[in-house]
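# Notes for the structure review
Read off the chains here:
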Amino acid sequence: MAEPILVAKREDKEFHLLPHMANRHGVITGATGTGKTVTLQKIAEDFSRIGVPVFVADIKGDLTGISKAGELSGKIGERLTMLGLAEAARFEDNPVTLWDVFGEMGHPLRATISEMGPLLLSRILQLNDTQEGVLNLTFKIADDNGLLLLDLKDLQSMLKYVAENAREITREYGTVTAASVGAIQRGLLQLEQQGADQFMGEPAVRLEDFMQTLGGKGVINILAAHKLIPSPKLYSTLLLWLLSELFEILPEAGDLDKPKLVFFFDEAHLLFTDAPRALVDKIEQVVRLIRSKGVGVYFVTQSPADIPDKVLAQLGNRVQHALRAYTPKEQAAVRVAATSFRENPELDTVKTISELGVGEVLISCLDPKGVPGVVDRAYVVPPGSRIGPITFEERKQLIDTSLVAGQYDEMIDRESAFEMLEQRAIEKMEEEAAAKEEAAAAKEAAKAERAARTTARRGDSPVDAFIKSASRSAGTAIGGRIIRGVLGGIFGGSTSKKKSSWF
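Let us look at the structure shown here. In this text the structure is predicted, and so the values were computed from the model without any measurement. (Residues numbered from 1 in each chain as written. Predicted model: local features only at pLDDT ≥ 70, side-chain atom pairs only at ≥ 80, totals over all residues. Heavy atoms only, no water.)

### Examining the sheet that holds strand 3 (residues 26-29)
Threshold: Being paired, for any two strands, means DSSP has found at least two bridges between them. Helical segments are the DSSP runs of H or I of at least four residues, strand segments are the runs of E of at least two, and each set is numbered from the N terminus.
In spatial order, the strands read 2-1-14-13-12-3-11-10-4-9-5-6; together these 12 strands make up an open sheet with mixed pairing. Either end of the sheet is taken by a strand with one partner, and the two such strands are strand 2 (13-17) and strand 6 (107-108). Sheet topology places strand 12 (residues 317-320) next to strand 13 (residues 360-364); 3 bridges connect them, and they run antiparallel. Its bridge partner lying in strand 13, Gln 320 is registered against Leu 362.

Here you go:
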């Protein structure tokens, strides 16, 4: 059995997160500046210490210090001394792999359009049933015609092809309308403007690379997410794809001694803000089922009210930092946070949430039988790694020496739907041009033939015309004599006599 993770402590009591209950998920909440990031760092490094790989989205860039050993000094030393842990404290670095969708602060992180699939894309693009049907149809046509959908331009090309051939496609596959295709194209344009063209492509990340260990410690995968926050659709697309892919590829595992992988999703409210019902249902389904694959999911946000009830109900381990309640809306959020815990008759939870200091929390973890513990007040144990970001030089060294160095750096653009449809379009244009040339040549030949026949009737040249004219003239004179001769023979008697009398 893996060693329990000491999360928080007070003078007379310790609060542990049990590794065999860690796949029952969890949530870390609290207002800005109350210490959520340090709590996340503490739990993440302890998972790594017991051999559990971690994936965490780093919103502010503060978590990279987890790769370096901390020091017993300043506020860290004061807190450890207060908790009686100074002598037992361990200051260690941790194995870290840095990722970045844009390839600037870490290794590029990509997925192909085919891996995303029509269902997830439909949820992210907020398509209605008709539009989702058209997107499914587009993927089906691509499969039937051997057209690979790898990057964003592949899907955009396929949609253009479907729109241009809507009449034929409707007869074979079902109804396709220009309005539905247009709605999908507009949604993809929004994703592209948020940077999805850099996320969707090859080489696609292998999820096994998120589940590595080094020297007995789980590798902590840190996604630089500071540029993703202004692009909430891309951010939520990435996170949901990761969860969905893990659910698809991992075998059933049940409750293990410790998780195979733990995910921390910072600024979790971005997953749910303005999300359609279907998307929330999808998230709830994945969170509910993925624990059976040995994966723990931990949401980090300001208030439990940011998370839909169906999802919140799946989060068994809970750490609540301070919330300030100055407005009616904030007071309501405090009440929601208080009621999300198992009640402690000796503690006024609503009042306490507003009184907590920095690094002080209300905590409730699952017991060995999976029952939520009674909520209690304690101080978070400081992490043994450095608090704060690393330097540029330290970041570069991590990237150059990581386990995946050189595997994903260069984007690959192999032949896929975009190139194949473009080639077909070129061939079609060439065929049409050749057909036009052939038709024009045939037309010219017919015109020449008509001209030849006309010329044959009118004479080929002045000389030929003179000869033919002369021949006609000669023929006319001879013919006249013949006619007169014949007539003379008929009427010759009278004519001869008349001529005799005149002379």
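### A few points about the nonpolar core
The test is simple: Buried residues of nine kinds, namely Ala, Val, Leu, Ile, Met, Phe, Trp, Tyr and Cys, make up a nonpolar core once their side-chain atoms join them within 4.5 Å. Exposure classes here rest on a 1.4 Å probe applied to the protein chains alone. A residue is buried below 20% of its type maximum, exposed above 50%, and partly exposed in between. The criterion used for residue contact is that any of the two residues' heavy atoms lie within 4.5 Å.
Formed by 78 residues in total, the largest nonpolar core has its most connected members in Leu 109, Phe 199, Trp 241 and Phe 299. Per-element accounting of this core gives the leading share, 9 residues, to helix 9 (residues 232-249). Ignoring sequence-local partners within four residues, the contact set of Leu 109 consists of Phe 55, Trp 99, Asp 100, Val 101, Phe 199, Val 205, Phe 210, Leu 223, Leu 238 and Trp 241. Counting 34 residues, the second-largest nonpolar core is a separate cluster that includes Val 7, Ala 44, Val 56 and Tyr 298.

### Overview of the pattern of salt bridges
Formally: Any Lys or Arg side-chain nitrogen located within 4 Å of an Asp or Glu carboxyl oxygen qualifies as a salt bridge.
Taken as a whole, this structure holds 20 salt bridges when the rule is applied. Linking Lys 13 and Asp 376 is a salt bridge whose minimum nitrogen-to-oxygen distance equals 3.5 Å. Here Asp 376 lies in strand 14 (residues 376-380) and Lys 13 lies in strand 2, a separation of 363 residues in the sequence. The exposure class of Asp 376 is buried, given its relative accessible area of 11%. Notably, a salt bridge pairs Lys 396 with Asp 400, separated by 2.9 Å at the nearest N-O pair. Note that Lys 396 and Asp 400 are positioned in helix 15 (residues 392-401) at a spacing of 4 residues, about one turn of the helix.

### Side note on the packing of aromatic side chains
Note the cut-off: Centre distance within 6.5 Å is the pairing criterion for rings of Phe, Tyr and Trp, where only the six-membered ring of Trp is used; planes under 30 degrees apart are then read as stacked, over 60 as edge-to-face, and the remainder as tilted. Two thresholds decide whether a charge sits over a ring: the Lys NZ or Arg CZ must be within 6 Å of the ring centre and within 35 degrees of the ring normal.
With the rule as written, the count across this model stands at 10 aromatic pairs. Ring centres of Phe 263 and Phe 265 lie 5.3 Å apart, and the angle between their planes is 65 degrees; this geometry places the pair in the edge-to-face category. Among the residues examined, Phe 263 registers a relative accessible area of 0% and is labelled buried. Ring geometry for Phe 265 against Phe 299: centres 6.3 Å apart, planes inclined by 65 degrees, an arrangement best described as edge-to-face. On the criterion of sequence distance, the pair formed by Phe 265 in strand 10 (residues 261-266) and Phe 299 in strand 11 (residues 295-301) is long-range, its members being 34 residues apart. By relative accessible area, Phe 265 is classed as buried at 0%. Phe 299 gets classed as buried once you look at its relative accessible area, which sits at 0%. Through pairs of rings, three or more aromatic residues link up here, namely Phe 55, Trp 99, Phe 210, Phe 263, Phe 265, Phe 272, Phe 299 and Tyr 408. In this structure, Lys 227 is placed above the aromatic ring of Phe 102, and the distance from its NZ or CZ to the ring centre is 5.7 Å.

### Topic: a negative patch on the surface
Filter applied, for reference: Patch rule: a residue counts if its relative accessible area is over 30% and it has no salt bridge; like charges are joined within 9 Å, and nonpolar side chains (Val, Leu, Ile, Met, Phe, Trp, Tyr) within 5 Å. Each accessible area is a Shrake-Rupley estimate made with a 1.4 Å probe; only the visible protein chains count as cover when residues are assessed. When charges are counted, Lys and Arg are positive and Asp and Glu negative, with His and the chain ends excluded. Taken as the charge centre is NZ of Lys, CZ of Arg, CG of Asp or CD of Glu, depending on the residue.
Negative charge collects at one region of the surface, where Glu 427, Glu 430, Glu 431 and Glu 432 lie side by side. Among the structural elements, Glu 432 can be located in helix 16 (residues 417-458).

### So, unusual backbone geometry
Geometrically, the link from Glu 202 to Pro 203 is a cis peptide bond, its omega value of 0 degrees lying close to zero. Summarising the element assignment, Pro 203 is placed in the loop between helix 8 (196-199) and strand 7 (213-214). Phi at Glu 267 takes a positive value of approximately 50 degrees, unusual for a residue other than glycine. Residue position: Glu 267 is located in the loop between strand 10 and helix 10 (269-272). The exposure class assigned to Glu 267 is partly exposed, which follows from its relative accessible area of 23%.

### Brief notes about the pairing of strand 14
In the sheet, strand 1 (residues 5-10) pairs with strand 14 via 2 bridges, with the strands oriented antiparallel. Bridge assignment links Ala 8 to a residue of strand 14, and that residue is Val 380. Two strands pair when backbone bridges link them, and strand 13 and strand 14 are joined in this way by 4 bridges, in the antiparallel orientation. Bridge assignment links Glu 360 to a residue of strand 14, and that residue is Tyr 379.

### Here's the deal with helix 15
Put simply, the rule reads: The arc in question is formed by the directions pointing from the helix axis toward the C-beta atoms.
Regarding helix 15, the residues found buried are Glu 394, Arg 395 and Leu 398. When helix 15 is viewed along its axis, its buried side chains cluster within an angular range of 100 degrees and face the same direction. More than 90 degrees from the buried face of helix 15, the exposed residues found are Phe 392, Glu 393 and Thr 401. Packed against the buried residues of helix 15 are strand 5 (96-100).

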